[in-house]
Amino acid sequence: MATLPVSNPPINIDDVQELRKINPNTIPERFVQDVTERPNLNGIPLSLSPSPDDMPIIDFSKLTKGNKEETHEEILKLSTACEEWGFFQIINHDIDLDLLESIEKITRGFFMLPLEEKQKYALIPGTFQGYGQALVFSEDQKLDWCNMFGLAIETVRFPHLWPQRPAGFSEAVEEYSREVKKLCQNMLKYIALSLGLKGDVFEKMFGETLQGIRMNYYPPCSRPDLVLGLSPHSDASAITVLQQARGSPVGLEILKDNTWLPVLPIPNALVINIGDTIEVLTNGRYQSVEHRAVVHQEKDRMSIVSFYAPSSELELSPMPEFVDENNPCRFRSYNHGEYTVHVSESRLQGKKTLNNFARI
Ligand SMILES: O=C(O)CCC(=O)C(=O)O
Ligand SMILES: [Fe+2]
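On a predicted model such as this, the values are computed, not experimentally measured, just so you know.

Visitor: Could you clarify how one ought to interpret the UniProt feature "domain: Fe2OG dioxygenase" (unreviewed entry) in the chain in this entry?
Guide: Under the local residue numbering, the UniProt record ascribes the feature "domain: Fe2OG dioxygenase" (unreviewed entry) to residues 209–310. In this annotation, residues 209–310 is assigned 6% helix and 44% strand; the end-to-end C-alpha distance for the span is 5 Å.

Visitor: Can you help me understand the sheet that holds strand β11 (residues 291–293) in this one?
Guide: Picture the strands of a sheet paired through backbone hydrogen bonds; they go either parallel or antiparallel. Sheet architecture is open: four strands sit in the order β6-β11-β8-β9, paired in antiparallel fashion. Edge strands, defined here as strands with exactly one partner in the open sheet, are β6 (230–233) and β9 (259–262). Going across the sheet, the axis of each strand differs from the next one's by a mean of 25°, ignoring polarity. As defined by bridge partners, β6 adjoins β11 across two bridges and the pair is classed as antiparallel. Looking at β11, one finds that His 233 is bridged to His 291.

Visitor: I tried to follow the coordination of the iron ion (ligand 2) on my own but got confused; where do I start?
Guide: Note on metal sites: the ideal angle is 109.5 degrees for four tetrahedral donors, and 90 or 180 degrees for six octahedral donors. The coordination sphere of the iron ion (ligand 2), as far as protein atoms go, consists of His 233 (NE2), Asp 235 (OD) and His 291 (NE2), spread over 2.1 to 2.3 Å. The sequence pattern describing where the donors of the iron ion (ligand 2) fall on their chain is H-x1-D-x55-H. Each member of the pair, His 233 together with Asp 235, is buried.

Visitor: Would you mind showing me how to read the side chain of Glu 253 here?
Guide: In this structure, Glu 253 sits in strand β8 (residues 252–256). At 2.8 Å, the side chain of Glu 253 forms a polar contact with the side chain of Arg 292.

Visitor: For this particular structure, what's the right way to read a negative patch on the surface?
Guide: Where like charges cluster on the molecular surface, the negative patch consists of Asp 96, Asp 98, Glu 101 and Glu 175. On the accessibility criterion, Glu 101 (39% relative accessible area) is partly exposed.

Cut-off values and rules
Residues numbered from 1 in each chain as written. Chains lettered and ligands numbered in written order. Predicted model: local features only at pLDDT ≥ 70, side-chain atom pairs only at ≥ 80, totals over all residues. Heavy atoms only, no water. UniProt positions renumbered as here; feature names shortened; annotations may be inferred. Helix = DSSP H or I, 4+ residues; strand = E, 2+ residues; numbered from the N terminus. Pairing = 2+ DSSP bridges. Axes fitted to C-alpha atoms, helices over the stretch in contact; angles between N-to-C directions. Donors = N, O, S within 2.8 Å, 3.2 Å for Na, K, Ca; no water. Buried < 20%, exposed > 50% of the residue type's maximum accessible area, 1.4 Å probe, protein only. Polar contact = N/O pair within 3.5 Å; in protein donor to acceptor, adjacent residues only side chain to side chain. Patch = residues over 30% accessible without salt bridge, like charges linked within 9 Å, V, L, I, M, F, W, Y side chains within 5 Å. Areas by Shrake-Rupley, 256 points an atom, 1.4 Å probe, with all protein chains shown as cover. Salt bridge = Lys/Arg side-chain N within 4 Å of Asp/Glu carboxyl O. Lys, Arg positive; Asp, Glu negative; His and termini not counted. Charge placed at Lys NZ, Arg CZ, Asp CG, Glu CD.

The structure is reproduced here in structure tokens:
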């Protein structure tokens, strides 16, 4: 990931967990969103029973272990999920449920450390690595009601950011990330098949892949209607795997047909979303979808998010299979590393970065 010049003097950012501890009923002005950005929490369902309008659920075991017919049917479902939603949940993925539990435990353990301890691993400005808030460029920029801890898994790591506490942190993250990588490779294979492409097309194209993990901790907030946990954005990855921690309230929302829809947490399922890379390669047939996080008045929330992306050396442009006279080429060619730099240079703003790469 690219490193930008450190802003001088450094920007002061209040730590939301500390704010919550010291003065639980006060929300500093910098966290109060402009009226148009505030979440409408009336739409958040109280019951968690699924309805037909919910995001599709893909049964991973039917993709990998089903008979021919089952696999074919599930691939069709996957194609609709990617084309119409850009987001779906997977069940029966092969990741051990104990591993899902242990990554949540270790994540909570880290965020519950005293501030001084966490600050030993402070965010490196211009990157997504370390503890704090990323993409803050000015004193008057609105801040998210979130603490994050990000690490590169592949390729360039900053070893001093890997915490000593809680015990077993690094081992859990390594093991989890190995399993997530396998899942991403598999999902990319089935996504390729769902597009009528050869299963190994992305793996061959991507070269030395990049993988990162971002742990998000959203403390409760006395006025969840005024703040955002995470501002609207699409992910710069090829695909993202998002784990909503057990017991977390609804918080992730996606923008579908101009409406923010909550993503109901399903125990043991993982959320997968299409990132900007796949949108470009498929010339917009599968699109990365804007999403954001909202927070809860009484409950905290955690998510563990893994990003899987091509090598930063890769030159990207829409694949010829998706370009014809009815579907003119929508993006200019670019280098993936260049794209990552753009992402790290401006605050989260929906799909603004990708739009900069669109052909006029
Ligand atoms: O917490 C969530 O559910 C959203 C996290 C997210 O979108 C991200 O980290 O990119
Ligand atoms: Fe995201």
